[in-house]
Amino acid sequence: MIVTHETTEITLLPRGGPGAQRLWAYLALGTVSLINLISFMPKFPKPHEAAWGDALNYYRMSEQTGAAVENPFALRMLSPWIIHRGNLLTGLSLDVLWVAFTFVVTLATVIVFFEFLRSYLKLQLFTSVLAAVALACTFWYAPYAFSNPWLVDPLNNLLYLLAIWFILKRKLIPFAIVIVLGAINKETTLLLAPLYPLIAWTRGRSFRDRDVLGGIGVFVVAVGIYLGYRIWAQNLIGGDYGFGAGQSNSGLLDNIRFALNANKGAGQVELFTTFHFFWLIFGYGLYQQYRRHGLRAELLISSIWLFACCLAGRLVATDTPRVFVMMAPLLVALVAIVLDQQRGEGRRLWVGALFFLYIAVNLHFVGGAAVFWVDAVALLIFAALVSFPTAPGRAGFKAFNGFRPHQGTLDVADDLKRS
């Protein structure tokens, strides 16, 4: 127990070493994920009979690699191929393998997100665990996948999160591998490829920067590999699938018209209900990033880029929540950064209440008009927290500072002058 000199409020530090803390955190996240799986998964013995939407196509692809299903699903082969190989190697049913794969990959994503908050963003253990639980309970991110566990979305979510982390950590080769694998699993992962050179350019403000050139090279190589993969996959399937075309291989413009005409008048509501009041806290977090670091704030740039990618994705897809839930890691991370600033036991109770309310609306503990009041109460709590000064943070606490320093250019003369 430590009593700071700046305030009379008592701050309790987590007991145990980092290893023990992580073990208990992993157990907590595993328990939450298992409860969600049990609550939302379809009933056996033949759960695939309850599959719907594009899951029907992916299940068919797991039965036969190269199955001639509708575009654009036919070329998203990685997850179905893993299940198919698992079936050949183990003899387990496709249903068991799909459910197990969805659970394991989703839990892995939640644990990686916890490590992203704890190890990279340097947030408190308390905030990191609650934010990871919130991600695990975000309906369109995990419970929905458990209810329809024949989708490529879980692996796509994991690869998106890893790609963002590798961008921020300047891990070019792992980033390139993730982008290529992600494109084979779902082509939208290619939209993240330009973010690496963009972030690198904001650090050095030079197109001759090593990271910028390396990122551009990865983008070109990834696109080339994906185009080669498309040619191979179409030869395997025995069909010709148009790039960007929709179901029944309709043209790109026809697909955009179809997507934009879907759910007329409900788009804004569906967008808001993807994250509910977390959208407002996320916006406040972006504002803080801009005030502190300007347009060099990497989380700000990444969030804007990913939001633009989701807007582009919505042009060719009809499910607004399933498109914009790709923002979940960055959005929840920004929310966690904002709420992590609320130190002290009294404020932690209110932070915990905000996370509980978010989980309540996502897991449908409340419904109908009550959801509006939950969002309103949560925003009032948040407004009260940020309207009053917080207690100073612990001595020695180092939070994520928003961007990484410049790493140099390919111009040796310029580097010598700087040194």
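Scroll up to find the structure.
Residues numbered from 1 in each chain as written. Predicted model: local features only at pLDDT ≥ 70, side-chain atom pairs only at ≥ 80, totals over all residues. Heavy atoms only, no water.

The subject of this paragraph is the overall build of the protein. Helices and strands together make up the secondary structure of the protein, namely 19 helices and two strands. Here the protein holds 419 residues, and the buried ones make up 51% of them. Counting contacts in the protein only where the partners sit at least 6 residues apart, residues at least 24 apart contribute 73% of the total. Total accessible area on the protein is roughly 19300 Å²; 68% of this is exposed by carbon and sulfur atoms. (Helix = DSSP H or I, 4+ residues; strand = E, 2+ residues; numbered from the N terminus. Buried < 20%, exposed > 50% of the residue type's maximum accessible area, 1.4 Å probe, protein only. Contact = heavy atoms within 4.5 Å. Areas by Shrake-Rupley, 256 points an atom, 1.4 Å probe, with all protein chains shown as cover.)

We now examine the packing of aromatic side chains. In this structure the tally under the stated criterion is 25 aromatic pairs. Their ring planes at 65° and their centres at 6.1 Å tell us that Phe 40 and Phe 139 sit as a pair that is edge-to-face. One end of the pair, Phe 40, is in helix 1 (residues 18–40); the other, Phe 139, is in the loop between helix 5 (125–137) and helix 6 (143–147), and 99 residues separate them in sequence. Judged by its relative accessible area of 14%, Phe 139 is buried. Put simply, the rings of Phe 40, Trp 52, Phe 139, Trp 140 and Tyr 144 touch in pairs and so form one group of aromatic residues. The aromatic ring of Phe 126 is capped on one face by Arg 348, whose charged end is 5.0 Å from the ring centroid. (Phe/Tyr/Trp six-rings, centres within 6.5 Å; stacked < 30°, edge-to-face > 60°. Lys NZ or Arg CZ within 6 Å of the ring centre and 35° of its normal.)

For the rest of this paragraph, the subject is the pattern of salt bridges. Per the stated rule, a full pass over the model turns up 10 salt bridges. The residue Glu 298 makes a salt bridge to Arg 203 at a minimum N-O spacing of 2.7 Å. Here the residue Glu 298 occupies a position in helix 14 (residues 298–314), and Arg 203 occupies one in helix 9 (residues 195–204), the gap between them amounting to 95 residues. What makes Arg 203 buried here is its relative accessible area of 5%. Because the salt bridges share partners, they merge into one network encompassing Asp 54, Asp 153, Asp 319 and Arg 322. (Salt bridge = Lys/Arg side-chain N within 4 Å of Asp/Glu carboxyl O.)

Mapped onto the secondary structure, Asn 157 falls in helix 7 (residues 153–169). Non-local contacts of Asn 157, meaning those with residues more than four positions away in its chain, are made with Thr 109 and Tyr 141.

Looking only at helix 2 (residues 55–63), the buried set comprises Ala 55, Asn 57, Tyr 58, Tyr 59, Met 61 and Ser 62. Turning to helix 2, the residues buried within the fold contact helix 3 (78–90) and helix 4 (94–120).

With that settled, consider the packing of helix 4 against helix 7. The N-to-C vectors of helix 4 and helix 7 enclose an angle of 20°; their axes lie 8 Å apart at closest approach. As far as their axial angle goes, helix 7 and helix 4 are roughly parallel. Here the hand of the crossing between helix 4 and helix 7 comes out left-handed. Residues Phe 101, Thr 102, Val 105, Thr 106, Ala 108, Thr 109, Val 112, Phe 113, Glu 115, Phe 116 and Tyr 120 of helix 4 pack against Pro 154, Leu 155, Asn 157, Leu 158, Leu 161, Leu 162, Trp 165, Leu 168 and Lys 169 of helix 7. Of the residues in the contact of helix 4 with helix 7, the class split is 14 nonpolar, four polar and two charged. (Axes fitted to C-alpha atoms, helices over the stretch in contact; angles between N-to-C directions. Parallel < 35°, antiparallel > 145°, perpendicular 65-115°, else oblique. Left-handed = near helix turned anticlockwise from the far one by under 90°. Nonpolar A, V, L, I, M, F, W, Y, C, P; charged D, E, K, R; others polar.)

The next subject is the state of the cysteines. Following the criterion strictly, the structure yields zero disulfides and no others. Unpaired in this structure, Cys 310 has its nearest cysteine sulfur neighbour in Cys 309, at a distance of 6.9 Å. A residue is classified by how much of its surface remains accessible, and Cys 310, at 0% relative accessible area, is buried. (Disulfide = S-S within 2.5 Å.)

Along the chain, the position of Arg 343 falls in the loop between helix 16 (328–340) and helix 17 (345–362). Of the polar contacts made by the side chain of Arg 343, one reaches the backbone oxygen of Asp 340; its length is 2.6 Å. (Polar contact = N/O pair within 3.5 Å; in protein donor to acceptor, adjacent residues only side chain to side chain.)

Another point: helix 13 (residues 278–293). In a regular helix each residue adds 1.5 Å, so 16 residues correspond to 22 Å; helix 13 covers 22 Å between its end C-alpha atoms and thus fits that length. Burial in helix 13 covers these residues: Phe 278, Trp 279, Ile 281, Phe 282, Gly 285, Leu 286, Gln 288, Gln 289 and His 293. Tucked into the core, helix 13 has its buried residues touching helix 5, helix 12 (267–275), helix 14, helix 16, helix 17 and helix 18 (369–387). A positive backbone phi angle near 65° is found at Gly 294, which sits one or two residues after helix 13. (Expected span 1.5 Å × (residues − 1).)

As a further point, take a nonpolar patch on the surface. The grouping of Leu 213, Ile 216, Phe 219 and Val 220 at the surface amounts to a nonpolar patch, some 320 Å² of accessible area in total. Mapped onto the fold, Leu 213 is located in helix 10 (residues 210–237). A residue is classified by how much of its surface remains accessible, and Leu 213, at 37% relative accessible area, is partly exposed. (Patch = residues over 30% accessible without salt bridge, like charges linked within 9 Å, V, L, I, M, F, W, Y side chains within 5 Å.)

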